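# A structural walkthrough
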Amino acid sequence: MALTDCKIIDLPKISDPRGNLTFIEGDRHIPFDIKRVYYLYDIPGGAERGAHGHRKLEQFIVSMSGSFDVILDDGYQTRTIHMNRSYYGLYVSPMMWRDITNVSSGAVLMVLASEVYDENDYFRDYDLFLQAVREKGGV
Ligand code: TYD
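Let me begin by describing the structure that accompanies this report. (Residues numbered from 1 in each chain as written. Predicted model: local features only at pLDDT ≥ 70, side-chain atom pairs only at ≥ 80, totals over all residues. Heavy atoms only, no water.)

Now for the packing of aromatic side chains. Taken as a whole, this structure holds eight aromatic pairs when the rule is applied. Relative to tyrosine 91, the ring of phenylalanine 32 has its centre 6.2 Å away and its plane inclined at 40°; by these criteria the two rings are tilted. Of this pair, phenylalanine 32 sits in the loop between strand S3 (21-22) and strand S4 (36-40) while tyrosine 91 sits in strand S9 (residues 88-92), placing them 59 residues apart in sequence. Each ring, one from tyrosine 126 and one from phenylalanine 129, has its centre 6.0 Å from the other, and the planes form 35°; the classification is tilted. Of this pair, tyrosine 126 and phenylalanine 129 both sit in helix H1 (residues 126-137), separated by three residues, roughly a single helical turn. Within the aromatic cluster, the residues linked to one another by ring pairs are Trp97, Phe123, Tyr126 and Phe129. (Phe/Tyr/Trp six-rings, centres within 6.5 Å; stacked < 30°, edge-to-face > 60°. Helix = DSSP H or I, 4+ residues; strand = E, 2+ residues; numbered from the N terminus.)

This is the structure:
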């Protein structure tokens, strides 16, 4: 998959003086059915998350609070996306290395995932990820 497959998706926002409301329906607002939700919180200053890729998993990342950067790498190019609002999210396609950096204090990152957790779906080694990208791309 190429970096262009990854995109910011704006979510519905019901603005209200009592507080805003945003919702996400799988296969409607995001391009996959949601099988799992997880979130990262209590992240210490300077910590970096991510640093892996997935073979098949699709994900949608939302900043529920605070801000952070997601660095996407398709094996050829990288792109950095700053996340700091709860009314949009980042769709991350399969075969995409991601690093999460510059997490603000108190940030909460929610991730919607297309599959249940499966360690066999991970690339934990960047060189193996690159090798798989080259094999798939035939380059
Ligand atoms: P990991 O996906 O590496 O976290 P991050 O990308 O945010 O740095 O997961 C960290 C640990 O948590 C790892 O041991 C696997 C475990 N884990 C689960 O058991 N279930 C899950 O749904 C997720 C996302 C992680």
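Where a protein is soluble and globular, its nonpolar side chains tend to be buried together. By size, the foremost hydrophobic cluster in this structure holds 19 residues, and its most contacted members are Phe68, Val70, Leu72, Met83, Leu90, Val103 and Leu109. If you list the elements that add at least two residues to this core, you get strand S7 (68-73), strand S8 (78-83), S9 and strand S11 (108-113). Beyond its immediate chain neighbours, meaning those up to four positions away, leucine 90 contacts Lys7, Ile8, Gln59, Phe60, Ile61, Val70, Leu72, Ile81 and Met83. Residues Ile30, Phe32, Tyr91 and Met110 belong to the second largest nonpolar core, which totals nine residues. (Core = buried A, V, L, I, M, F, W, Y, C linked by side-chain atoms within 4.5 Å. Buried < 20%, exposed > 50% of the residue type's maximum accessible area, 1.4 Å probe, protein only. Contact = heavy atoms within 4.5 Å.)

This part is about the pattern of salt bridges. Per the counting criterion, the structure on display carries four salt bridges. Salt-bridge contacts for arginine 18 lead to aspartate 16; the nearest nitrogen and oxygen are separated by 2.8 Å. A relative accessible area of 76% places arginine 18 in the exposed class. On the basis of relative accessible area, aspartate 16 is assigned to the partly exposed category, the value being 22%. The partner of lysine 35 in a salt bridge is glutamate 115, and the shortest N-O contact between them spans 3.2 Å. In this pair, lysine 35 sits in the loop between S3 and S4 while glutamate 115 sits in the loop between S11 and strand S12 (122-123), placing the two residues 80 residues apart along the sequence. Note on glutamate 115: relative accessible area 36%, which makes it partly exposed. (Salt bridge = Lys/Arg side-chain N within 4 Å of Asp/Glu carboxyl O.)

A separate point is the site of the ligand. In the vicinity of the ligand, the residues found are Arg36, Tyr38, Leu40, Arg49, Gly50, His52, Tyr117, Tyr122 and Arg124. One nitrogen or oxygen atom from the side chain of arginine 36 is found 2.4 Å from an oxygen atom belonging to the ligand. In the environment of the ligand, an oxygen atom lies 3.3 Å from a nitrogen or oxygen atom belonging to the side chain of histidine 52. When the free accessible area of the ligand is taken as 530 Å², the share hidden by the protein chains comes to 63%. Broken down by secondary-structure element, the contributors of at least two residues to the shell around the ligand are S4 and strand S5 (49-54). (Near = heavy atom within 4 Å. Polar contact = N/O pair within 3.5 Å; in protein donor to acceptor, adjacent residues only side chain to side chain. Areas by Shrake-Rupley, 256 points an atom, 1.4 Å probe, with all protein chains shown as cover.)

Attention shifts here to H1. When the terminal C-alpha atoms of H1 are compared, their 16 Å separation across twelve residues agrees well with the 16 Å that a helix rising 1.5 Å per residue should span. Taken as a whole, H1 has its buried residues at Phe129, Ala132 and Val133. Mapping the buried residues of H1 onto a view down its axis gives an arc of 105°, with all of them on the same face. Exposed residues lying more than 90 degrees from the buried face of H1 are Asp127 and Glu135. Residues of H1 that are buried make contact with S7, strand S10 (97-101) and S12. (Expected span 1.5 Å × (residues − 1). Arc of directions from axis to C-beta.)

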